[in-house]
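These are the residues of each chain, in order.
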Amino acid sequence: MDSSPTPVDLTGDDASVRARIAERLAGFPFTRVDPPDTRRAAVVIAVTSVDGVHGIWLTKRPDRMREHPGQYALPGGRLDPGEDDIDAGLRELHEEIGVIAGRDDVLGRLDDYPTRSGYVMAPIVVWAGPDRVTALNAAEVATLFFIPMDEVAVEPRFIAIPESPRPVIQLPIVGALVHAPTAAVIYQFAEVVLAGRETRVDDLEQPVFAWR
């Protein structure tokens, strides 16, 4: 870990901010893992801006969903046959919140995160552009939040649970506590991109309610 990291400069025009984020990610050696008996899924950290303020999107899943109802999530889902991680992430971004982005909008990647529910989550960082109009898929998204970068960089909380020796991460954002796997991915984005630290998150645990 860099002992004297330099925070990324998010001032200036969108092209400059995009280039700085891409540079940070290009210098990060992300880890890909493929544990046995897991399925791959992709999630998207979509960088956008609202009235000149840069941030990312976070969704809240509908309570009636079969898997992980009511939980906070980044746009994403499992890979369809023939897709790679990037294909799946971009497709899910469009299907869930109506935002179209291409492979040339991908700024980089973060570490794969194996979940307790049997997936390996591949985080893809995508430049979505400023002031995008969204169209929510009500079957998959109950609420869409825009999180400014200063809130993305919030100080995380770590708690212990009797079911695991690993610490559970919580991010106090959007007026709630967001847990791993989503919290782990957002925390690594904040560390790697915003703070300039090569932080790993494979030691961070999910709460028991997310294990199913």
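Nothing here was measured: the structure is a model prediction, and the numbers come from that model.

### Re the layout of surface pockets
Thought 1: Of the pockets and cavities examined, the second largest pocket occupies roughly 160 Å³.
Thought 2: Among the elements that take part in the lining of the second largest pocket, helix 4 (residues 182-194) stands out by supplying four residues, more than any other.
Thought 3: The residue makeup of the lining of the second largest pocket, split by class, is nine nonpolar, no polar and three charged.

### Focus on the nonpolar core
Thought 1: Within the largest apolar cluster, 40 residues are counted, with the highest numbers of intra-cluster contacts made by Ile 56, Leu 58, Leu 110, Val 152 and Phe 189.
Thought 2: Of all the elements in the fold, those that place two or more residues in this core are helix 1 (14-26), strand 1 (39-50), strand 2 (53-60), strand 7 (119-130), strand 8 (143-148), helix 3 (149-152), strand 10 (164-173) and helix 4.
Thought 3: With 10 residues, helix 4 is the largest single contributor of residues to this core.
Thought 4: When neighbours within four sequence positions are excluded, Leu 58 is seen to be in contact with Tyr 72, Ala 73, Leu 74, Thr 143, Leu 144, Phe 145, Ile 147, Ile 173, Val 174, Val 178, Thr 182 and Ile 186.

### Some remarks on the pattern of salt bridges
Thought 1: Summed over the entire model, instances satisfying the criterion amount to 18 salt bridges.
Thought 2: Here Arg 109 makes a salt bridge to Asp 85, at a shortest N to O gap of 2.6 Å. Remark: Asp 85 occurs in helix 2 (residues 85-97) and Arg 109 occurs in strand 5 (residues 106-109); sequence separation between them is 24 residues. For the pair Arg 109 and Asp 85, a shared accessibility class is recorded, and that class is buried.
Thought 3: A salt bridge links Arg 103 to Asp 87; its shortest N-O distance comes to 2.7 Å. One end of the pair, Arg 103, is in the loop between helix 2 and strand 5; the other, Asp 87, is in helix 2, and 16 residues separate them in sequence.
Thought 4: Three or more residues are tied together by salt bridges with common partners; here these are Arg 32, Asp 34, Arg 40, Asp 85, Arg 109 and Asp 112.

Basis of the calculations
Residues numbered from 1 in each chain as written. Predicted model: local features only at pLDDT ≥ 70, side-chain atom pairs only at ≥ 80, totals over all residues. Heavy atoms only, no water. 1 Å grid on protein atoms, 1.4 Å probe; cavity = no way out; pocket = protein on both sides within 12 Å on 5 of 7 lines; lining within 4 Å. Points joined across faces, edges and corners; volume = space filled by probe spheres on them. Helix = DSSP H or I, 4+ residues; strand = E, 2+ residues; numbered from the N terminus. Nonpolar A, V, L, I, M, F, W, Y, C, P; charged D, E, K, R; others polar. Core = buried A, V, L, I, M, F, W, Y, C linked by side-chain atoms within 4.5 Å. Buried < 20%, exposed > 50% of the residue type's maximum accessible area, 1.4 Å probe, protein only. Contact = heavy atoms within 4.5 Å. Salt bridge = Lys/Arg side-chain N within 4 Å of Asp/Glu carboxyl O.

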